[in-house]
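# Results of the structural survey
Here is how the chains run, residue by residue.
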Amino acid sequence: MSDLMSKAAGFFKIPFNGVIRIEVDGSNAIWVDGRQTPPLVSEQAPPNLDGGFCLWRTSLDTLNRILSPGVRQIEAAYIAGRLLISGDMSVMARLETGNP
């Protein structure tokens, strides 16, 4: 999980005024608090959450591909149905990543 956390920290470099919970294979979860600079990546839910966050559900393989440098990995995974996104969708509109 630490390798995944490191990749996520490199991917989420720019604040996006929101929180993302990433559920991997239905068991492990990563929280990304984009309300601070730089965004905080953690296995613990951030404080003052108030229930509003964007939820990603995916496999470990797909998340590794999304977090690796590449073009349009989020879009490709979402369109192919390998990344399910729900919750506060306005977070996705504000999201900028550290990958090209």
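Our structure's up above, just so we're on the same page.
Residues numbered from 1 in each chain as written. Predicted model: local features only at pLDDT ≥ 70, side-chain atom pairs only at ≥ 80, totals over all residues. Heavy atoms only, no water.

With that out of the way, let us pick up the nonpolar core. Among the nonpolar cores identified, the biggest contains 24 residues, and Phe12, Ile20, Ile22 and Trp56 are the most heavily contacted of them. If you list the elements that add at least two residues to this core, you get α1 (2-11), β1 (19-24), β2 (28-33), β4 (54-58), α2 (60-67), α3 (73-79), β5 (83-87) and α4 (90-94). The contact partners of phenylalanine 12, leaving out residues within four places of it in the chain, are Ile20, Ile22, Val32, Pro39, Trp56, Leu67 and Leu95. (Core = buried A, V, L, I, M, F, W, Y, C linked by side-chain atoms within 4.5 Å. Buried < 20%, exposed > 50% of the residue type's maximum accessible area, 1.4 Å probe, protein only. Helix = DSSP H or I, 4+ residues; strand = E, 2+ residues; numbered from the N terminus. Contact = heavy atoms within 4.5 Å.)

Per the stated rule, a full pass over the model turns up four aromatic pairs. With 4.9 Å between their ring centres and 85° between their planes, phenylalanine 11 and phenylalanine 12 make a pair best called edge-to-face. A single burial state applies to phenylalanine 11 and to phenylalanine 12, both of which are buried. Considering the side-chain rings of phenylalanine 12 and phenylalanine 16, the 6.2 Å spacing of their centres and the 50° angle between planes classify their relative orientation as tilted. Classification of phenylalanine 12 as buried rests on a relative accessible area of 1%. Take phenylalanine 16: its relative accessible area is 3%, and that puts it in the buried class. The structure contains a cluster of three or more aromatic residues connected by ring pairs, namely Phe11, Phe12, Phe16 and Trp56. (Phe/Tyr/Trp six-rings, centres within 6.5 Å; stacked < 30°, edge-to-face > 60°.)

The next subject is the sheet that holds β4. With mixed pairing, the five strands of this open sheet are ordered in space as β3-β2-β1-β4-β5. Because the sheet does not close on itself, it has two edges, and the strands there are β3 (40-42) and β5. The mean angle between the axes of side-by-side strands here comes to 20°, regardless of whether they run parallel or antiparallel. The sheet contact formed by β1 and β2 spans six bridges and is antiparallel. (Pairing = 2+ DSSP bridges. Axes fitted to C-alpha atoms, helices over the stretch in contact; angles between N-to-C directions.)

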